[in-house]
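Listed below, chain by chain, are the residues.
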Amino acid sequence: MNNPFQNALTQLNKVATVKNFGEKLFTELSQPDRDVRVSIPVSMDDGSLRIFEGYRVEYNNVLGPYKGGIRYHQDTEINEVKALAFWMTIKCAVAGIPMGGGKGGITVDPKSLSKAELEKLSRGWVKKLADILGPKKDVPAPDVNTTPEIMDWMSDEFEKITGDKTRATFTGKPIEKGGSEGRGPATGLGGFYVLNSLRAQLGLPEKCKVVVQGFGNVGLNAAEIFIAHGHSVIAISDSKGGVYNESGLDLEKLKEHKKSTGMLAGFPGSKDITNEELLETKCDLLIPAAFENQITEKNAEKISTKVILELANGPVTPEADDVLFEKGIAIIPDVLANSGGVTVSYFEWDQNLKGEHWTEKEVFDKLFKKMNDSAQETHKRGKEYSTDLRRGAFILALERIKEKMQF
Ligand code: NAD
């Protein structure tokens, strides 16, 4: 089993082979500032009491308050949360926003809970962690299986406990509860802006054949945005498997199909495929948008795309990175590709603190500028150090972090 935190540290150490930042920076960044585990009691609908394990990892805050999502998943554990918090540190620095890195989670399959139980669990996470959270301390956001409604419960609980009325402690809230316009599609849209910025430099055609793994917030939004701009999505999947149509899938009809049958398989006019087959499908652009460790040394040889746009966090292991590099497949790394989410989260925090509400156009214009700048700065580092975009992005981030770090 791949340990995502070890993978994250391997990525960090690989940077040292192309640029020397000195021992101290690597030592400082190889552990989080704080990793907190809490037990959250929830009285269940049947009258029993269940204890859930929750986490918050505050990795590094030299650039600003800790920032990062909260994941609800049955496989979530501390090493995963530590890795995600580390990547947030790098990501915020790549994005050029005044935020540090953090991440949270609860080991739970949220689909197994009623809505009332889910609300108690979410409020319980805040009760246990309120002391370390706050607009200038630590600002959580949504991640896998956490929704604007959950963010609203959390924000409300935080206000009850602390009296803080800024609503700036949680981002990803519903718009009418202090959320930002554009937060929903932000990650997918940001990824699209990055791809557009680098498309010609990476030798991709104007209209790409795209394969997407994941049918959630990120995967679905990305698929819709790429189609709206003339690309075709030829395969897409969720946790149960995927569908393939060489001439492009009709997403509107596919969404209807999933709504009525509960799955993607069996979509008329398409072929059912497994997630393994999906990743190996021949295409111009492969977008992993589900989970970490999807492309490993086991399947890297079989990947048949020109470019990988990592919208999920950590979908490619360091061993697979090397294989793909040898095969000439370019990877636009997660810390750049999916930073649109945290960038709009930062915009939300900024609006809450200033008491402003920006239009969707303002948000997207600002997002476009940020993503374009970080894509080009990353590409520049890659060229300058004759290395890949992942190392290019890490170099950019470490330059910005080192400048503020005091040893
Ligand atoms: P989500 O819960 O909305 O969707 C996850 C999707 O992945 C679901 O469609 C699920 O069916 C699918 N899935 C689960 N296991 C799978 C498997 N083995 N194969 C194929 N599909 C599978 O989550 P999300 O918010 O879309 O997040 C997806 C990824 O993007 C995660 O890695 C997350 O950390 C990352 N990310 C999310 C955001 C954000 O703003 N939500 C920002 C940056 C990065």
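Computed from a prediction, not measured in an experiment: that's the story for all the values here.

Peer 1: Sorry, what's going on with the packing of aromatic side chains here?
Peer 2: To describe a pair of aromatic rings, one takes the distance between the centres and the angle between the planes. Summed over the entire model, instances satisfying the criterion amount to 10 aromatic pairs. Where Tyr-346 meets Trp-349, the ring centres are 6.0 Å apart and the plane angle is 35°; that geometry is what we call tilted. Of this pair, Tyr-346 and Trp-349 are both found in helix α12 (residues 339–354), three residues apart, which corresponds to roughly one turn of the helix. Counting every residue linked through ring pairs, the aromatic cluster contains Phe-5, Tyr-59, Phe-86 and Phe-394. Just above the ring of Trp-358 sits the side chain of Lys-366; from NZ or CZ to the centre is 4.3 Å.

Peer 1: What exactly am I supposed to notice about the pairing of strand β1 (residues 34–43) here?
Peer 2: The two faces of a sheet get side chains in turn, since along a regular strand they alternate between them. Relative to strand β2 (residues 49–60), β1 runs antiparallel, the two sharing 10 bridges. Bridge assignment links Asp-35 to a residue of β2, and that residue is Val-57. Hairpin connection, β1 to β2: the antiparallel pair is bridged by five residues, and Gly-47 has positive phi, about 95°.

Peer 1: Quick question: what am I supposed to make of the pattern of salt bridges here?
Peer 2: Pairing between side chains of opposite charge can happen when the charged atoms of each approach one another. One pass over the structure, following the stated rule, counts 35 salt bridges. Between Asp-322 and Lys-14 there is a salt bridge, with the nearest N and O atoms lying 2.8 Å from each other. With Asp-322 in helix α10 (residues 318–327) and Lys-14 in helix α1 (residues 4–15), this pair connects stretches of sequence that are 308 residues apart. A salt bridge links Arg-167 to Glu-159; its shortest N-O distance comes to 3.8 Å. Judged by relative accessible area, which is 21%, Glu-159 ranks as partly exposed. Connected through salt bridges with shared partners, the residues Glu-119, Arg-123, Lys-127, Asp-156, Glu-157 and Lys-160 form a single ionic network.

Peer 1: How should the environment of Thr-146 be read in this particular structure?
Peer 2: Mapping Thr-146 onto the fold places it in the loop between β5 (138–142) and α5 (148–162). Along the sequence, Thr-146 and Tyr-385 sit 239 residues apart, while their C-alpha atoms lie 39 Å from each other. In contact with Thr-146, other than residues within four places in its own chain, are Ile-70, Tyr-72 and Met-151. Of the polar contacts made by the side chain of Thr-146, one reaches the backbone nitrogen of Asp-143; its length is 2.6 Å.

Peer 1: Can you walk me through the packing of helix α13 (residues 360–384) against helix α14 (residues 389–404) in this structure?
Peer 2: A pair of packed helices is characterised by two quantities: the angle between their axes and the separation of those axes. As a packed pair, α13 and α14 sit with axes 7 Å apart at the nearest point and diverge in direction by 105°. One way to sum up the angle between α13 and α14 is to call them roughly perpendicular. Contacts between α13 and α14 pair Ser-374, Glu-377, Thr-378, His-379, Arg-381 and Gly-382 from the former with Leu-389, Gly-392, Ala-393, Ile-395, Leu-396, Glu-399 and Arg-400 from the latter. In the contact of α13 with α14, the residues fall into four nonpolar, five polar and four charged.

Peer 1: Where do I start with the state of the cysteines in this structure?
Peer 2: Chemically, a disulfide is nothing more than a covalent bond linking the sulfur atoms of two cysteines. Tallied over the entire structure, the rule returns zero disulfides. Left without a disulfide partner, Cys-283 is nearest to the cysteine sulfur of Cys-208, which lies 9.2 Å away.

Peer 1: Is there a simple way to explain the environment of Glu-28 in this structure?
Peer 2: When you line up the elements, Glu-28 lands in helix α2 (residues 23–29). For Glu-28, a relative accessible area of 35% puts it in the partly exposed group. The spatial distance from the C-alpha of Glu-28 to the C-alpha of Ile-303 is 35 Å, given a sequence separation of 275 residues.

Peer 1: Any chance you could explain the sheet that holds strand β12 (residues 330–332) here in plain terms?
Peer 2: Within a sheet, each strand pairs with its neighbour through backbone hydrogen bonds, oriented either parallel or antiparallel. Taken in spatial order, the seven strands of this open sheet run β9-β8-β7-β6-β10-β11-β12, and their pairing is mixed. The open sheet has two edge strands, β9 (271–273) and β12, and neither has a second partner. Strand-to-strand twist in this sheet, taken as the mean axis angle between neighbours without regard to direction, amounts to 20°.

Peer 1: I tried to follow the site of the ligand on my own but got confused; where do I start?
Peer 2: Neighbouring the ligand are 23 residues; Arg-71, Asp-143, Thr-187, Asn-217 and Asn-313 lie closest to it. With respect to the ligand, the side chain of Thr-187 contributes an N or O atom lying 2.8 Å from an oxygen atom. Contact with the protein chains covers 85% of the free accessible surface of the ligand, which is 820 Å². Per-class residue counts for the shell around the ligand are eight nonpolar, 11 polar and four charged. Counting contributing residues per domain, the shell around the ligand is built from domain 1 (4–10 + 33–166) and domain 2 (186–337), each supplying no fewer than three.

Thresholds, definitions, all that
Residues numbered from 1 in each chain as written. Predicted model: local features only at pLDDT ≥ 70, side-chain atom pairs only at ≥ 80, totals over all residues. Heavy atoms only, no water. Phe/Tyr/Trp six-rings, centres within 6.5 Å; stacked < 30°, edge-to-face > 60°. Helix = DSSP H or I, 4+ residues; strand = E, 2+ residues; numbered from the N terminus. Lys NZ or Arg CZ within 6 Å of the ring centre and 35° of its normal. Pairing = 2+ DSSP bridges. Salt bridge = Lys/Arg side-chain N within 4 Å of Asp/Glu carboxyl O. Buried < 20%, exposed > 50% of the residue type's maximum accessible area, 1.4 Å probe, protein only. Contact = heavy atoms within 4.5 Å. Polar contact = N/O pair within 3.5 Å; in protein donor to acceptor, adjacent residues only side chain to side chain. Axes fitted to C-alpha atoms, helices over the stretch in contact; angles between N-to-C directions. Parallel < 35°, antiparallel > 145°, perpendicular 65-115°, else oblique. Nonpolar A, V, L, I, M, F, W, Y, C, P; charged D, E, K, R; others polar. Disulfide = S-S within 2.5 Å. Near = heavy atom within 4 Å. Areas by Shrake-Rupley, 256 points an atom, 1.4 Å probe, with all protein chains shown as cover. Domains from an automatic or database assignment.

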